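Structural characterization, general
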Amino acid sequence: AVPGLVPAEDIWWRWNLDGSGFSKAFLRQVRQAFDLFKVPDASEIMNEDLELAVQHLGYFAVTPEAVCERAKEVTEYSAMNLEEFTTFLEKYSAQEQ
């Protein structure tokens, strides 16, 4: 294992084998994490909760700086909906690989 890099076996299951995006299994977990960390009775997750949500989904070496940078790429607002959260995770995953 290379220090600072995530082992391939820890992230392979997140993706469809044909390279078409996240697997259905991972998208179910994304939805569960979104529901867990979103604002009660709302349909958005606050950007300040993204770090915990990313860690909950099993990402390693999560830094506040990386989370903030990827969040700014997705929205200028302080919260994001499920679609934006999924886009955020795609960007975060690309950085992790």
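Residues numbered from 1 in each chain as written. Predicted model: local features only at pLDDT ≥ 70, side-chain atom pairs only at ≥ 80, totals over all residues. Heavy atoms only, no water.

1. A short note on the packing of aromatic side chains
Tallying each qualifying case throughout the model produces six aromatic pairs. Between F88 and Y92, the ring centres sit 6.0 Å apart and the planes meet at 40°, which makes this aromatic pair tilted. Here F88 pairs with Y92, and both are found in helix 4 (residues 82-96), just four residues apart, close to one helical turn. Residues F88 and Y92 agree in their burial class; the two are buried. (Phe/Tyr/Trp six-rings, centres within 6.5 Å; stacked < 30°, edge-to-face > 60°. Helix = DSSP H or I, 4+ residues; strand = E, 2+ residues; numbered from the N terminus. Buried < 20%, exposed > 50% of the residue type's maximum accessible area, 1.4 Å probe, protein only.)

2. Considerations on the environment of Y59
Looking at where Y59 falls in the secondary structure, it is placed in the loop between helix 2 (50-56) and helix 3 (64-74). You can call Y59 buried: its relative accessible area is 4%. Along the primary structure Y59 and Y92 are separated by 33 residues, whereas in three dimensions their C-alpha atoms are 9.3 Å apart. Within the structure, the side chain of Y59 is placed 2.5 Å from the side chain of S93, a separation counted as a polar contact. (Polar contact = N/O pair within 3.5 Å; in protein donor to acceptor, adjacent residues only side chain to side chain.)

3. A few points about the pattern of salt bridges
Where charged atoms of side chains with opposite charge meet at close range, the side chains can pair. Evaluated as defined, the whole model comprises four salt bridges. Ionic pairing is found between R31 and D35, a salt bridge with its closest N-O pair at 3.3 Å. With R31 and D35 both in helix 1 (residues 24-37), this residue pair falls four residues apart, about one helical turn. Among the charged side chains, a salt-bridge network with shared partners connects E69, R70, E73 and K91. (Salt bridge = Lys/Arg side-chain N within 4 Å of Asp/Glu carboxyl O.)

From the geometry alone we can't say anything about function, so treat these as descriptive.
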